[in-house]
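Observations on chain architecture
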Amino acid sequence: MPDSLRPVPAGDERWAASDPVTEAAITGAALVRHLDDFRFASLRALRQIHRALGAERVAIGFIDAEGMSVREALAWSGGFGRCGDSERVVSCEAFAAKMGAWMASRSGALEVEIDGFDPAWHELGCDRLLLVRGERFVKGLGQAVLLAQLRAPAPLAGGADHALAMLLDEYACRRQSVRA
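Residues numbered from 1 in each chain as written. Predicted model: local features only at pLDDT ≥ 70, side-chain atom pairs only at ≥ 80, totals over all residues. Heavy atoms only, no water.

For helix α2 (residues 38-53), spanning 16 residues, the distance from its first C-alpha to its last is 22 Å, which sits close to the expected 22 Å at 1.5 Å a residue. Gly54, located one to two residues past α2, shows a positive phi value of around 65°. (Helix = DSSP H or I, 4+ residues; strand = E, 2+ residues; numbered from the N terminus. Expected span 1.5 Å × (residues − 1).)

Okay, here's the thing in structure tokens:
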């Protein structure tokens, strides 16, 4: 019987199944690290994260030095949206104060509510934007970040932001080696 289906003994969390976001991120990080085609591995990871979050769209990108915009590199979208390489630049000016506080903090994730009257809503077309950052910076691009466009709140389970950061760091490492 798979561990995910076994009953969890009281007080023994090591047998508890991971949440789908954490599992997708950890699997994705391993694929990005070990597969020759890291672009394919990254897109596969984005597809799984898209599904686990119930997101409209997810993307890996890079935060500029000032924290005022994110340049996407890869994206996965539901429905008929475009998937693959992306050069879209997402402006963070509408939530600059939250972004600045997040950049100054040690927190790995930021969820921003986007009001329908907010100019960012017209650009993003979602009710919430979840940002998770990695630790690595890619010279000339910035700090790796995951953007998830959501319709409903998607609180991350404990450790999911760290697992997503691992994926982002693997992506940034491989991306840096390709640019070198």
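Now for the pattern of salt bridges. One pass over the full model with this rule turns up 7 salt bridges. Where Arg33 meets Glu170, a salt bridge forms, and the shortest distance between an N and an O atom there is 2.7 Å. Taken together, the positions of Arg33 in helix α1 (residues 20-34) and Glu170 in helix α5 (residues 160-179) put the pair 137 residues apart, joining distant regions of the chain. We classify Glu170 as buried; its relative accessible area is 16%. The shortest N-O distance in the salt bridge between Glu72 and Arg57 comes to 2.6 Å. Of the two residues, Glu72 is situated in strand β2 (residues 69-77) and Arg57 in strand β1 (residues 57-63); the sequence distance between them amounts to 15 residues. Each member of the pair, Glu72 together with Arg57, is buried. (Salt bridge = Lys/Arg side-chain N within 4 Å of Asp/Glu carboxyl O. Buried < 20%, exposed > 50% of the residue type's maximum accessible area, 1.4 Å probe, protein only.)

Within strand β7 (residues 142-150), 9 of the 9 residues are buried, which leaves the element mostly enclosed by the surrounding structure. Pairing analysis gives 7 bridges linking β1 to β7, with the strands arranged antiparallel. Bridge assignment links Ile63 to a residue of β7, and that residue is Gln143. Sheet topology note: the strand β6 (residues 128-138)/β7 ladder contains 8 bridges and is antiparallel. Note that in β7 the partner of Arg128 across the bridge is Leu150. Connecting β6 to the antiparallel partner β7 that follows it, the hairpin turn spans 3 residues, and Gly140 within it adopts a positive phi of roughly 85°. (Pairing = 2+ DSSP bridges.)

Interpretation in functional terms is not warranted from these geometric data alone.
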